[in-house]
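Remarks on the overall topology
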Amino acid sequence: MTTRRDAGYAPGSLLTIASIPLEEVSSILAETARIERMSHAERVEILAGRRVALLFYESSTRTRTSFELAAKSLGATTTLVSDKSSSIEKGESLKDTGLTLRALGAECIILRHPCSGAPFLLARMTALPVLNAGDGMHEHPSQALLDLRTMLTRLHGPDAATTARADSLAGVTVAITGDILHSRVARSNALLLPRLGAKVLLCGPEKLLPETALGLGSGVEIMRDFDAALRRAQVVMMLRIQKERLAGLELDLADYVAGYQLSRERAATYAAKALVMHPGPMNRGVEIEGEVADGPQSAVEDQVHHGLAVRSALLVRALGAGRFESIRV
């Protein structure tokens, strides 16, 4: 029996994707669909009068904006606290910042932090529901959920995206390529997708993808040959490559592009029908060519859309509203 790592924290917290039961993933997907069907007038009443704090120690566009827009679309009041414009800049600890936000009336905190495990600390110190918006090289749970919904919708249709079963992605191979070592997105997807029947291929040079990645669990395989991985994939997820990180690891940019860039020619030759995904931000011309990112097989904008929808459901879950009101434990 798996022990939930977020057990003992405030109900509605999402700290890790690793131990969340598939039944709960199904509940989140179902609530996402229910909220999407609502009119604006209905939706804005769900969290009317509730207070949500966004605490971001790192820059973010998609995650921060989608959480903020999701909260406001549900009627909640939001406040953004960043490390560049608060007492954090003066050395205030995560604990004290969290306690201050709680004292000011925050009922839920969305946290992005450069240190792995920070959301667990914040949840323990404040006793508030905490949503992990990315912690160091550890996890990005909401990204894995929105990626799952994107895959289910594009591969099997909208009706399939309302539930999660052990065979929901049976027969689907997902190739995740790029800087796996530093990617919390890759980690969270590798922890979630195999539990729905998917095969996850992690692809990249050894300095960006050490053999220890096999420790993520069964259903995960390492491949060094990108073209071979593409031949097997129904979904191709590219990860951002930072040029300065390649230089620091003594990896040649031209060699990386030649071996691992998803170019138009490579996609057409080896994965013409594969769904193309990217969590963003993307470096066009490095890990992916612009024509592929904007092409008919691209689901990049779909991911952004599903991010707003899924994060709406996560906020409802965190604050015990909607269908989650009766299942909080």
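Residues numbered from 1 in each chain as written. Predicted model: local features only at pLDDT ≥ 70, side-chain atom pairs only at ≥ 80, totals over all residues. Heavy atoms only, no water.

Quick look at the overall build of the protein chain
Along the backbone of the protein chain there are 13 helices and nine strands. For 329 residues, the compact-globule estimate of 2.2 N^0.38 gives 20 Å, and the protein chain sits close to it at 19 Å. Its C-alpha atoms put the protein chain at 55 × 45 × 40 Å along the principal axes. Per-residue burial for the protein chain yields a buried fraction of 56% across its 329 residues. Within the protein chain, contacts between residues separated by at least 24 positions form 71% of all contacts whose residues are at least 6 apart in sequence. On the protein chain, the mean spot of the 38 positive side-chain charges and the mean spot of the 37 negative ones are 4 Å from each other. (Helix = DSSP H or I, 4+ residues; strand = E, 2+ residues; numbered from the N terminus. Rg over C-alpha atoms; globule rule 2.2 N^0.38 Å. Buried < 20%, exposed > 50% of the residue type's maximum accessible area, 1.4 Å probe, protein only. Contact = heavy atoms within 4.5 Å. Lys, Arg positive; Asp, Glu negative; His and termini not counted. Charge placed at Lys NZ, Arg CZ, Asp CG, Glu CD.)

Considerations on the side chain of Asp135
In this fold, Asp135 is placed in strand β4 (residues 130–135). A distance of 3.0 Å separates a polar atom in the side chain of Asp135 from a polar atom in the side chain of Asn132. At 2.8 Å, the side chain of Asp135 and the side chain of His138 are in polar contact. Here Asp135 is in contact with His113, Cys115, Ser116, Gly117, Ala118, Pro119 and Arg184, once residues within four sequence places are set aside. (Polar contact = N/O pair within 3.5 Å; in protein donor to acceptor, adjacent residues only side chain to side chain.)

Points about the packing of helix α3 (residues 62–73) against helix α13 (residues 300–318)
Where α3 meets α13, the closest approach of the two axes is 8 Å, and the angle between their N-to-C directions is 60°. Relative to α13, the element α3 is oriented oblique. Considering how the two elements wind past one another, α3 and α13 form a crossing that is right-handed. Between α3 and α13, the contacting residues are Arg62, Thr63, Ser66, Phe67, Leu69, Ala70, Ala71 and Ser73 on the first element and Gly307, Leu308, Arg311, Ser312 and Leu315 on the second. Class assignment for the residues of the contact of α3 with α13 results in six nonpolar, five polar and two charged. (Axes fitted to C-alpha atoms, helices over the stretch in contact; angles between N-to-C directions. Parallel < 35°, antiparallel > 145°, perpendicular 65-115°, else oblique. Left-handed = near helix turned anticlockwise from the far one by under 90°. Nonpolar A, V, L, I, M, F, W, Y, C, P; charged D, E, K, R; others polar.)

A few points about α13
Given 3.6 residues per helical turn, the α-helix brings residues three or four places apart onto the same face. With 19 residues, α13 extends 27 Å between its outermost C-alpha atoms, agreeing within 8% with the 27 Å of an ideal straight helix rising 1.5 Å per residue. With its phi angle positive at about 65°, Gly320 sits one or two positions after the end of α13. (Expected span 1.5 Å × (residues − 1).)

Re the sheet that holds strand β8 (residues 235–238)
Read across the sheet, five strands follow the order β7-β6-β5-β8-β9 without closing on themselves; strand pairing throughout is parallel. In this open sheet, the two edge strands, each paired with only one partner strand, are β7 (220–223) and β9 (275–277). Mean inter-strand twist for the sheet, computed between neighbouring axes without regard to direction, equals 20°. Bridging between β8 and β9 involves three bridges; their strand directions are parallel. The partner of Val236 across the bridge, within β9, is Val276. (Pairing = 2+ DSSP bridges.)

A word on the packing of helix α1 (residues 22–37) against helix α6 (residues 141–156)
Where α1 meets α6, the axes come as close as 11 Å, and the angle between the chain directions of the two elements is 70°. Considered as vectors, α1 and α6 are oriented roughly perpendicular to each other. From α1, Val25, Ile28, Leu29, Thr32, Ala33 and Glu36 reach across to α6, where they touch Leu145, Leu148, Arg149 and Leu152. Residues that form the contact of α1 with α6 fall into these classes: seven nonpolar, one polar and two charged.

Regarding the pairing of strand β6 (residues 199–203)
In terms of burial, β6 is largely enclosed, as four of its five residues are buried. The sheet contact formed by strand β5 (residues 173–177) and β6 spans five bridges and is parallel. Within the sheet, the bridge partner assigned to Thr173 lies in β6 and is Lys199. Crossover connection from β5 via helix α7 (residues 184–192) to parallel β6: handedness right-handed. Two strands pair when backbone bridges link them, and β6 and β7 are joined in this way by four bridges, in the parallel orientation. For Val200, the partnering residue across the bridge sits in β7 and is Val220. (Right-handed = clockwise from strand over helix to strand, strands pointing away.)

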